[in-house]
Amino acid sequence: MSFISDIKHIIDTSRANAVRSVNFCRVQMYWHIGRRIVEEEQGGKARAEYGKALIKNLAKQLEAEYGSGFSYRQLNFSRQFYHEYPKVNALRSQLNWTQYRALIQIPDKDKREYYELEAVNGNWTARQLERQINSMLYERLLVSNDKESVLSIARGERSPESPTEIIKDPMVLEFLGMERKAHYYESDLETELMNHLQDFLLELGNGFTFVARQKRILLEDDEFFVDLVFYNRLARCFVVIEIKTHKATHADIGQLQMYVNYFDRQERQTDENPTVGILLCTEKNDTAIRMSLPEDNNTVLATKYQLYLPTIEQLAAEVEHVRASLKSRKEECL
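Residues numbered from 1 in each chain as written. Predicted model: local features only at pLDDT ≥ 70, side-chain atom pairs only at ≥ 80, totals over all residues. Heavy atoms only, no water.

(A) Representation of the packing of aromatic side chains. The tally for this structure, following the rule as stated, stands at 17 aromatic pairs. Measuring from ring centre to ring centre gives 5.3 Å for Trp31 and Tyr82, while their planes differ by 65°; the resulting arrangement is edge-to-face. Taken together, the residues span a long stretch of sequence, with Trp31 in helix α1 (residues 2-42) and Tyr82 in helix α3 (residues 72-84) at a distance of 51 residues. Of the two residues examined, Trp31 and Tyr82, each falls in the buried class. Judged by centre distance (5.5 Å) and plane angle (70°), the ring pair of Tyr114 and Tyr115 falls under edge-to-face. Judged by relative accessible area, which is 4%, Tyr114 ranks as buried. Three or more aromatic residues joined by ring pairs make a cluster, and in this case those are Tyr30, Tyr66, Phe70, Phe81, Tyr85, Trp97 and Tyr100. (Phe/Tyr/Trp six-rings, centres within 6.5 Å; stacked < 30°, edge-to-face > 60°. Helix = DSSP H or I, 4+ residues; strand = E, 2+ residues; numbered from the N terminus. Buried < 20%, exposed > 50% of the residue type's maximum accessible area, 1.4 Å probe, protein only.)

(B) View of the confidence of the model for the protein chain. Confidence in the prediction for the protein chain averages 87 pLDDT; 89% of positions are at 70 or higher. Averaged pLDDT values over the elements of the protein chain bottom out at 64 in helix α13 (residues 312-333) and peak at 97 in helix α4 (residues 97-103). (pLDDT = per-residue confidence, 0-100.)

(C) Seen up close, the packing of helix α5 (residues 109-121) against helix α8 (residues 147-154). Axis separation between α5 and α8 bottoms out at 9 Å; the angle between their running directions is 30°. Looking at the two axes, α5 sits roughly parallel to α8. As α5 packs across α8, the resulting crossing turns out to be left-handed. The segment α5 lies against α8, with Asp110, Glu113, Tyr114, Leu117, Glu118 and Asn121 engaging Lys147, Val150, Leu151 and Ala154. (Axes fitted to C-alpha atoms, helices over the stretch in contact; angles between N-to-C directions. Parallel < 35°, antiparallel > 145°, perpendicular 65-115°, else oblique. Left-handed = near helix turned anticlockwise from the far one by under 90°. Contact = heavy atoms within 4.5 Å.)

(D) A look at α8. Here α8 has its buried residues at Ser149, Val150, Leu151, Ser152 and Ala154. Lining the buried residues of α8 we find α5 and α7 (137-142). With a side-chain oxygen positioned 3.1 Å from the backbone nitrogen of Glu148, the residue opening α8 is Asp146. Downstream of α8 by a residue or two, Gly156 has a phi angle that is positive, lying close to 80°. (Polar contact = N/O pair within 3.5 Å; in protein donor to acceptor, adjacent residues only side chain to side chain.)

(E) Summary view of the pattern of salt bridges. Tallied over the full model, the rule gives 25 salt bridges. For the salt bridge of Arg140 with Glu203, the shortest nitrogen-to-oxygen distance reads 2.5 Å. Placement of Arg140 in helix α7 and of Glu203 in helix α10 (residues 197-204) is noted, with a sequence separation of 63 residues between them. For Arg140, a relative accessible area of 1% gives the class buried. The closest approach of N and O atoms between Glu267 and Lys215, which form a salt bridge, is 3.7 Å. (Salt bridge = Lys/Arg side-chain N within 4 Å of Asp/Glu carboxyl O.)

Pasting the structure below:
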């Protein structure tokens, strides 16, 4: 049986490498086309108008012979691609043309670098990269972290030092595809998260691995069940998640704190970091939650979730609201 498995592994690996090789050749092709267009543009007298006409004429000839992959729009992307990535040896073989096309449309260079690094680190598909950009992953992380700390983790220069560096607020769960209802049962939401585990792991971030669902805890004669348990390899800690389909209460926080304490005292190894607890809820009162926890708390978090991908404006407003709350909290501590 191991012989057959080895042969299958060789075939699958070779096929995957062949696809990656073809994809990267395509990336290099568009880069070289973009470079050649720019060189020809620079030889024109009225560059803007000359360049526009140049690409239109080129597309007319190429598209007729080679197809839609050489349309005016694609050639424009090639030109932009060369401008944003002027060195061919800086291109990453793990990324395909569709991914680079999404990246070059991000004007902020730091933001673009973050998504480029994370797409490679997380082995994201083009669809996953587009989803992360549209859900404003970068902006959500910047709510409670500075830009350099977010980039340094993506660059592999250091590991996360606190839960806020890996946990987003809000979390966007539009991939569940759930109907618009006024109320959901917590078990329904939990089931859908398990049915879409790969997408949920993508939203959680790098380093997460699934451990258990409805983890049974026996305390004397009382049974308790933790909704979801994960482990983060980068932070080297357990992450327990409780799901609530209502506004977070102090009782919910107390329940989660008990689960965190249990994992710290019964499951955590001496060389592992303290357990992180996440309360997924529809709404929260940050002040009430803060008052429900010790002043030095940095392991129990309440995070809102959204079942539908909001517009950029709506999500930006939500991010700004959270940022204002954090600023207010800092001022109270001064």
